[in-house]
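Examining the three-dimensional arrangement
Each chain, letter by letter, is given below.
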Amino acid sequence: MSTEGSAGDIDLLALQSELARDPQPTYQALLLGSPALRVEGIGVIANSREHVEHVLRSPELFSSDFTSGVGDLKNRRPLIPLQKDPPDHRKYRKILDPLFAPQKMKLLEPQIAALVNDLIDGFASAQEIDFAQQFSVPFPSQVFVTMLGLPLEELPQFLAMKDGVIRPDHCTGEPRGHPKTDAHQQATADSVYEYFEKLLATRTGTAGDDLIGQFLSAEVDGERLSTDEIVDICFLFLIAGLDTVSASLDCFFGYLCHNPEARRELVEQPDAIPDAVEELLRWETPVMAVERVATSDMQIGECPVAAGETVIAFIGAANLDEHELPDAGSVHIDRTVNRHLAFGGGIHRCLGSHLARLELRVALREWHRRIPDYALKPGAELEFTAGIRSVPSFPLVLQTISPR
């Protein structure tokens, strides 16, 4: 990987496996050897902070308006606002941004703290839990499903839909591209559309305080959102809102299990948690990369890119770029200056970033207040999924759990 623009002898499967298991050494190798390169089977990947920001902040050159490729979700139409380019993208963000403004999210803190404590109370007498199944999955999922106004008892169905779209290979046991996996992913994506189309048919013309109610009453340039537009928004919210915070918690607690000195620092200095959240987002970058499509022939650094070619912005690698951040190859829980790209950048910066930050801060605060001592079960190894780094099973041994 020493020549910019050349894929060299990269083994795609090995690359994906290493990125899932232990991404930082691979990020650092890519930064040292190839700030931008073409990888057969993927496209062109941008690794350096400079190149990644160029991709993220140039929507006229790198389009988000696509429905197939490396990140194919089998969606019928571009997801709103993720797969929309300007000028349409601006119209939708004008509606959606105020719904996720920092001040509005801050009002949710008491409810979110109560949910964290309810979950902890549920295993308060246990000495061992599955952190993924009993905390990192249900916590953000319940928050988001409640915000959407969807019934909590249907959460297992929503989680199955989310996994069937994002990780169909894990559902079928067959690799991506296998007919069985493709069929399962397509059937699941179709079921998401069917679910929200039926739901909206029962709520047409009705508003409400939940997000779907606000979508129904919202307007774009004086016009109401169509049923298709609301469904496309809900499709994205379902798969994004139920997954990325769960993955972040898996990554954070995996790091803290392997670095008990950092865990002790959070217990002894809870005021450090906001900075710790930012540093762990930078270091772990649970959503490792984002996809774009080149709108014309061009170059990224010295790597040629053809019109229509897939471009992957490796935000995980960019977050470790020493040209942007001194000592980026080390974790400093108390780092205060931290312009990381874990939520992306440019016009497509994550819509739910303020909610995600709040959930992560509250989860770390309440957990470490009540459970200061915990450890990965002896002999267990965490097996992270590729793309969005989460773990299906996370055996955690707990010490004394304090009351609320």
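These numbers come from a predicted model, not from an experiment.

Bringing helix H13 (residues 227-241) into the picture now. Between its first and last C-alpha, H13 extends 20 Å over 15 residues, near the 21 Å set by a 1.5 Å rise per residue. Burial analysis of H13 places 11 of its 15 residues in the buried class, the great majority of the element. Taken as a whole, H13 has its buried residues at Ile230, Val231, Asp232, Ile233, Cys234, Phe235, Leu236, Phe237, Leu238, Ile239 and Gly241. In the core, the buried residues of H13 are packed alongside helix H4 (88-96), helix H8 (138-148), helix H9 (155-166), helix H11 (179-203) and helix H12 (211-217).

On to the packing of aromatic side chains. In this structure the tally under the stated criterion is 18 aromatic pairs. Between Tyr27 and Phe314, the aromatic rings sit 6.0 Å apart at their centres with planes inclined by 65°, giving edge-to-face as the arrangement. Residue Tyr27 is found in helix H2 (residues 23-33), and its partner Phe314 is found in the loop between strand E10 (310-313) and helix H17 (315-318); the two are separated by 287 residues along the sequence. A relative accessible area of 7% means that Phe314 is categorised as buried. Taken together, a centroid distance of 6.0 Å and an interplanar angle of 50° make the contact between Phe123 and Trp367 tilted. Remark: Trp367 occurs in helix H18 (residues 353-370) and Phe123 occurs in the loop between helix H6 (109-122) and strand E4 (128-130); sequence separation between them is 244 residues. In this structure, Arg263 packs its charged tip against the face of Tyr374, placed 5.4 Å from the ring centre. Across the ring face of Phe384, the terminal group of Arg389 is positioned such that the distance to the ring centre comes to 4.2 Å.

Here Ala36 shows up in strand E1 (residues 36-39). The spatial distance from the C-alpha of Ala36 to the C-alpha of Thr244 is 26 Å, given a sequence separation of 208 residues.

Looking now at unusual backbone geometry. What is expected of a backbone is that most residues other than glycine have negative phi and most peptide bonds are trans. Following Ile80, the chain continues to Pro81 via a peptide bond in cis, the omega torsion being 0°. Position of Pro81 among the secondary structure elements: in the loop between strand E3 (62-63) and H4. Following Pro86, the chain continues to Pro87 via a peptide bond in cis, the omega torsion being 5°. As for its position among the elements, Pro87 is in the loop between E3 and H4. Phi is positive for Thr285, which is not a glycine, with a value near 40°. With respect to the helices and strands, Thr285 occurs in the loop between helix H16 (273-284) and strand E7 (290-294).

Criteria and thresholds
Residues numbered from 1 in each chain as written. Predicted model: local features only at pLDDT ≥ 70, side-chain atom pairs only at ≥ 80, totals over all residues. Heavy atoms only, no water. Helix = DSSP H or I, 4+ residues; strand = E, 2+ residues; numbered from the N terminus. Expected span 1.5 Å × (residues − 1). Buried < 20%, exposed > 50% of the residue type's maximum accessible area, 1.4 Å probe, protein only. Contact = heavy atoms within 4.5 Å. Phe/Tyr/Trp six-rings, centres within 6.5 Å; stacked < 30°, edge-to-face > 60°. Lys NZ or Arg CZ within 6 Å of the ring centre and 35° of its normal.

Treat this as a map of the structure, not an account of what it does.
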